[in-house]
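# Inside the fold
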Amino acid sequence: MNSSVTTAFELPGQRVVRSLGVVRGITVRSRSVVGNFLGGIQSLFGGNITIYTELCEQARQETYRDMVQEARRLGANAIIGMRYDATEIMTGLTEVLCYGTAVVVEPDGTKA
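All values reported here derive from a predicted model rather than from experimental measurement.

### Here's the deal with the nonpolar core
In terms of nonpolar packing, the biggest core is built from 9 residues, these being Val23, Met67, Val68, Ala71, Ala76, Ile79, Met82, Cys98 and Ala102. Every element with two or more residues in this core is listed here: helix H2 (50-74), strand S2 (78-90) and strand S3 (93-107). Looking at which element gives the most residues to this core, the answer is H2, with 3 residues. With residues near it in sequence (within four places) discarded, Met67 still touches Val5, Val23, Arg24, Gly25, Ile79, Met82, Cys98, Tyr99 and Gly100. Listed in part, the 5 residues of the second largest apolar core include Leu11, Ala78, Val103 and Val105.

Written as structure tokens, this is what we have:
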């Protein structure tokens, strides 16, 4: 699969010739005791709490990678309608989901 992943429902200059269904990546993350301690210290000073930012970014990267791998297994060359979602399962335990529709696209023959 090429790198055609978009939050839009179409790709300029491409047309969807086959929809392969929903693909997703999912991970469940917890904050460690050390992470909570460091995050607590950072929160005393205000601003961006980098330890949590890094944890969120790692979770998003994992789920994105897993979604793309699932699409490749299905034979897709693009993913449309990509979204992220997160749900707190219990205190300190968060599910991160990345999902979209795996599709096969080809040039539509018109100039984009």
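### Overview of the layout of surface pockets
By volume, the largest pocket is sized at about 230 Å³. Along the walls of the largest pocket sit 14 residues, with Cys56, Ala59, Ala86, Thr94 and Val96 positioned nearest its centre. At the level of elements, strand S1 (14-30), H2, S2 and S3 are the ones that each hand at least two residues to the lining of the largest pocket. Looking at which element gives the most residues to the lining of the largest pocket, the answer is H2, with 5 residues. Of the residues contributing to the lining of the largest pocket, the split by class is 7 nonpolar, 3 polar and 4 charged.

### Considering the environment of Gly21
Residue position: Gly21 is located in strand S1. In the structure, Gly21 is positioned 53 residues away from Leu74 in sequence and 9.1 Å away in space, judged by C-alpha atoms. Sequence-distant contacts of Gly21, that is, excluding residues within four places in its chain, are made with Gly100, Thr101 and Ala102.

### Some remarks on the pattern of salt bridges
Side chains bearing opposite charge may pair, as long as their charged atoms lie close to each other. Scanning the model with the defined rule gives 2 salt bridges in all. Between Glu106 and Arg15 there is a salt bridge, with the nearest N and O atoms lying 2.4 Å from each other. Here the residue Glu106 occupies a position in strand S3, and Arg15 occupies one in strand S1, the gap between them amounting to 91 residues. Close ionic contact of Arg65 with Asp66 constitutes a salt bridge, the shortest N to O distance being 3.1 Å. Under the relative-accessibility criterion, Arg65 is labelled partly exposed at 42%.

Parameters at a glance
- Residues numbered from 1 in each chain as written.
- Predicted model: local features only at pLDDT ≥ 70, side-chain atom pairs only at ≥ 80, totals over all residues.
- Heavy atoms only, no water.
- Core = buried A, V, L, I, M, F, W, Y, C linked by side-chain atoms within 4.5 Å.
- Buried < 20%, exposed > 50% of the residue type's maximum accessible area, 1.4 Å probe, protein only.
- Helix = DSSP H or I, 4+ residues; strand = E, 2+ residues; numbered from the N terminus.
- Contact = heavy atoms within 4.5 Å.
- 1 Å grid on protein atoms, 1.4 Å probe; cavity = no way out; pocket = protein on both sides within 12 Å on 5 of 7 lines; lining within 4 Å.
- Points joined across faces, edges and corners; volume = space filled by probe spheres on them.
- Nonpolar A, V, L, I, M, F, W, Y, C, P; charged D, E, K, R; others polar.
- Salt bridge = Lys/Arg side-chain N within 4 Å of Asp/Glu carboxyl O.

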